[in-house]
Amino acid sequence: MFLGHIFVFLYLRTTLAVNQLSDGSPSLYLPTTDNIELLNSQNIKSLVYGSKKAWFVEFYSHWCGACQRFAAHWKDLAKKTKPWHSKVINIAAINCADPKNDKICMEFNIEYYPTLRMFPPNADFQNPEHDSKLVNNRDDLESRIVEFLDQINPVPSEWPIFKDYTSKRLDTLFLDNKNAKHGFLVFEDKSSIMGKQLILDFSDRTDLVIRRTTIESNSYLMEKFKINQRKLPVVYLIFNSKGSVKKHWEFKENLVEKQIDAGLDKRMKYKILIEEFKKNKNQNEELALEEESIKNDENSLDKNIYSQYKVYMQDLESGLNMIMRFEVARTKLIAGEKIDALKKWIKTLLKFIY
């Protein structure tokens, strides 16, 4: 009786985890809500091979307990990378326990579930491993994607630019998208992938440009902006204003009005900040310009104070010149108390002025 209850429990758990598609096929995923492309033996070759996008495919079995547990992670990955799907990479799945997919799963030599494979753009089914790369490490799948995309060569023209920004000029940031009004330049460590994640997060947008750079690839801008390496990553906002000189300043939370959750990681924080900035761009541009105006006023004040100081020194030097060359020189004999006073006065000048 006890064993019977266990079998019923296992059967119900397996059944409840499985969806039924419109054609009656069992599936762990729903394409409309999970942002996952559902592949089968009829469409996998036409969709994946020759595509301008890369593909990340899970080969699974709907009755497999490990696959059912992994399904939540696959859905989460698809949700987080949804903006990446429009131009760069699709997240997909194929159910090898569906008899209709037996042949294709055998062709890929699927021996365990779930099996994850990445396909480059313009993949060729006739290539070794059917032009796919096996992904054994399921930890931090976003990093696995970025690493894979980094190796793609040639890069499809529709894709954003992943290469580090090496130019010393800010106007070249907009060469490939002259209609973009704003650019965001991410300064980060060489090993960081945050900049590339942000590039992919906004790869479906044409109204902005995002690039990344490092101390190794652009020490000139790092020094020019006086960026402290210990405080990386740092993001700079660049306006695509007329002329080669572009207005720019560090992109911080004070440029948007929305309160950002302090518990978010840096990538999600900057993603939300950029989204909010673009959502209320007119108001936020005013905040940014006001911030710049305050900085300019402070710089101007510093310059004025410094200028007054220089004028004061010139007056003092002029006065000293008059004293030494004319007033002291007119004295016929400097001795006794006069010479002692003159020596003390000169020592004081040397101590406090020079």
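Look above for the structure.
Fair warning: this is a prediction, and the values are worked out from it, not measured in the lab.

A. Spotlight on the sheet that holds strand S11 (residues 248-250). Spatially, 4 strands are ordered S9-S8-S10-S11 in an open sheet, and the strand pairing comes out mixed. Only two strands of the sheet have a single neighbouring strand rather than two, namely strand S9 (208-213) and S11. Strand-to-strand twist across the sheet, computed as the mean angle between neighbouring axes with direction ignored, equals 20°. In this structure, strand S8 (residues 182-187) lies alongside strand S10 (residues 234-239), joined through 6 bridges in antiparallel fashion. Paired with phenylalanine 187 across the bridge in S10 is valine 234. Of the strands in this sheet, S8, S9 and S10 touch helix H7 (residues 194-201), which is tilted by about 165° from S9.

B. Representation of the nonpolar core in the model. Among the nonpolar cores identified, the biggest contains 53 residues, and Phe56, Trp74, Leu149 and Phe251 are the most heavily contacted of them. Looking at this core, the element that brings in the most residues is helix H4 (residues 65-80), giving 6 residues. Setting aside residues no more than four positions away along its own chain, phenylalanine 56 makes contact with Trp74, Leu77, Ile89, Asn90, Ile91, Ala92, Leu116, Arg117, Met118, Val135, Leu141 and Ile145. One finds Leu39, Tyr49, Phe59 and Ile104 within the second-largest nonpolar core, a separate group that totals 17 residues.

C. Inspection of the packing of H4 against helix H6 (residues 141-150) at higher detail. Viewed as axis vectors pointing N to C, H4 and H6 meet at an angle of 55°, and their least axial separation amounts to 10 Å. Put simply, H4 runs oblique to H6. Residues Phe70, Trp74, Leu77 and Lys80 of H4 touch H6, and the partners they reach there are Leu141, Glu142 and Ile145.

D. Broad picture of the state of the cysteines. Enumeration according to the criterion identifies 1 disulfide in this entry. Disulfide pairing is shown between cysteine 96 and cysteine 105; the S-S distance is 2.1 Å. With the S-S dihedral at roughly -85°, the linkage between cysteine 96 and cysteine 105 falls on the left-handed side. Unpaired in this structure, cysteine 64 has its nearest cysteine sulfur neighbour in cysteine 67, at a distance of 3.1 Å.

E. Quick peek at the pattern of salt bridges. Within the structure shown, the criterion is met by 15 salt bridges. Taking the shortest distance from any N to any O, the salt bridge between arginine 212 and aspartate 164 comes out at 2.7 Å. Here arginine 212 is found in strand S9, whereas its partner aspartate 164 is found in the loop between H6 and S8, with 48 residues between them in sequence. Accessibility expressed as a relative area gives 3% for arginine 212, which makes it buried. Residues glutamate 276 and lysine 279 are paired through a salt bridge, measuring 3.1 Å at the closest nitrogen-oxygen approach.

F. Main features of the pairing of S10. In terms of burial, S10 is largely enclosed, as 6 of its 6 residues are buried. With burial as the criterion, each face of S10 is covered, one bearing Val234, Tyr236 and Ile238 and the other bearing Val235, Leu237 and Phe239. Of the pairings in the sheet, the one linking S10 to S11 comprises 3 bridges and is antiparallel in character. When the bridges of S11 are listed, tyrosine 236 appears paired with glutamate 250.

What counts and how
- As a convention, each chain's residues are numbered from 1 in the sequence order in which they are written.
- Local features are withheld for residues below a pLDDT of 70 in this predicted model, meaning they are given only at 70 or higher, and side-chain atom pairs are given and counted only at 80 or more; totals for whole chains, interfaces and linings count all residues.
- Heavy atoms from the whole structure form the basis of all side-chain values; hydrogens and water molecules are not counted.
- Between any two strands, at least two bridges found by DSSP are needed for them to pair.
- Secondary structure is summarised from DSSP: a helix means a run of H or I of at least four residues, a strand means a run of E of at least two, and numbering begins at the N terminus for each.
- Whenever a helix is involved, its axis is fitted only over the stretch in contact; in every case the axis is a line through C-alpha atoms, and angles between N-to-C directions fall within 0 to 180 degrees.
- Any two residues having at least one pair of non-hydrogen atoms within 4.5 Å are treated as being in contact.
- The term nonpolar core refers to a set of buried residues drawn from Ala, Val, Leu, Ile, Met, Phe, Trp, Tyr and Cys, joined through side-chain atoms within 4.5 Å.
- Each residue's exposure class comes from its accessible area (1.4 Å probe, protein chains only) as a fraction of the maximum for that residue type: buried when under 20%, exposed when over 50%, partly exposed otherwise.
- Angle categories: roughly parallel below 35 degrees, roughly antiparallel above 145, roughly perpendicular from 65 to 115, and oblique for all the rest.
- Here, a disulfide means two cysteine sulfur atoms that sit within 2.5 Å of each other.
- Here, a salt bridge means any Lys or Arg side-chain nitrogen found within 4 Å of an Asp or Glu carboxyl oxygen.

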